[in-house]
Amino acid sequence: QVQLKESGGGLVQAGGSLRLSCVVSGRTLRAMGWFRQAPGKEREFVATISWSGGNTEYADSVKDRFTISRYNNKNTVYLQMDSLKPEDTAVYYCASSALVGTTPELNDYDYWGQGTQVTVSS
């Protein structure tokens, strides 16, 4: 069993930054991911990190602007979001995968947090 709790969302102006946190309890040595879902759109992959933190992968739309990291001694995964754009507005979800390596595939994730809203104003 895995429980995930996100925090750190909010309202920010375009060009600003936010850092999302995801506290993980239960089985923690698993690959983790961040996904997002905008109104009327499907949930989409944002970033993933391997269980060790040694490997990461990003969606093209956020590459060079977002950074995923994890501190296993704190059971926490972060998503640092810089140079935010209005199109980044969405509910952001933290997810845990049964795999140990990175994966952008939504179906590889079996535990999800409740989501945190990120709104970027123009």
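Residues numbered from 1 in each chain as written. Predicted model: local features only at pLDDT ≥ 70, side-chain atom pairs only at ≥ 80, totals over all residues. Heavy atoms only, no water.

Colleague: I would appreciate a short explanation of the side chain of Arg65 in the present structure.
Modeller: On the secondary structure map, Arg65 appears in the loop between β6 (56–58) and β7 (66–71). Beyond its immediate sequence surroundings of up to four residues, Arg65 is in contact with Gln80, Met81, Asp82, Ser83, Leu84, Lys85 and Asp88. (Helix = DSSP H or I, 4+ residues; strand = E, 2+ residues; numbered from the N terminus. Contact = heavy atoms within 4.5 Å.)

Colleague: Explain the packing of aromatic side chains to me, please; I cannot follow it from the model alone.
Modeller: One pass over the full model with this rule turns up five aromatic pairs. Cluster of aromatic residues (ring-pair linked, three or more members): Phe35, Phe45, Tyr109 and Trp112. In this structure, Arg43 packs its charged tip against the face of Tyr93, placed 3.7 Å from the ring centre. The positively charged end of Arg43 is found above the aromatic ring belonging to Trp112, 4.9 Å away from the centroid. (Phe/Tyr/Trp six-rings, centres within 6.5 Å; stacked < 30°, edge-to-face > 60°. Lys NZ or Arg CZ within 6 Å of the ring centre and 35° of its normal.)

Colleague: Please clarify how the nonpolar core should be interpreted in this entry.
Modeller: Within soluble globular proteins, side chains that are nonpolar generally end up buried alongside one another. Trp34, Leu79, Met81 and Tyr92 are the most contacted members of the largest nonpolar core, which has 31 residues in total. Excluding residues within four positions of it along the chain, Leu79 makes contact with Leu18, Arg19, Leu20, Trp34, Val46, Ala47, Phe66, Thr67, Ile68 and Tyr92. (Core = buried A, V, L, I, M, F, W, Y, C linked by side-chain atoms within 4.5 Å. Buried < 20%, exposed > 50% of the residue type's maximum accessible area, 1.4 Å probe, protein only.)

Colleague: Looking at this structure, how should I read the environment of Trp51?
Modeller: Here Trp51 lies in the loop between β5 (44–49) and β6. For Trp51, a relative accessible area of 36% gives the class partly exposed. Sequence-distant contacts of Trp51, that is, excluding residues within four places in its chain, are made with Leu29, Arg30, Ala31, Arg70, Asn72 and Val100.

Colleague: I tried to follow the state of the cysteines on my own but got confused; where do I start?
Modeller: A covalent bond between the sulfur atoms of two cysteines is what we call a disulfide. Scanning the model with the defined rule gives one disulfide in all. A sulfur-sulfur separation of 2.1 Å characterises the disulfide bridge that pairs Cys22 with Cys94. Its S-S torsion of about -80 degrees marks the bond between Cys22 and Cys94 as left-handed, since a negative value means left-handed. Here Cys94 lies in strand β9 (residues 90–97) and Cys22 lies in strand β3 (residues 18–26), a separation of 72 residues in the sequence. Judged by its relative accessible area of 0%, Cys94 falls in the buried class. (Disulfide = S-S within 2.5 Å.)

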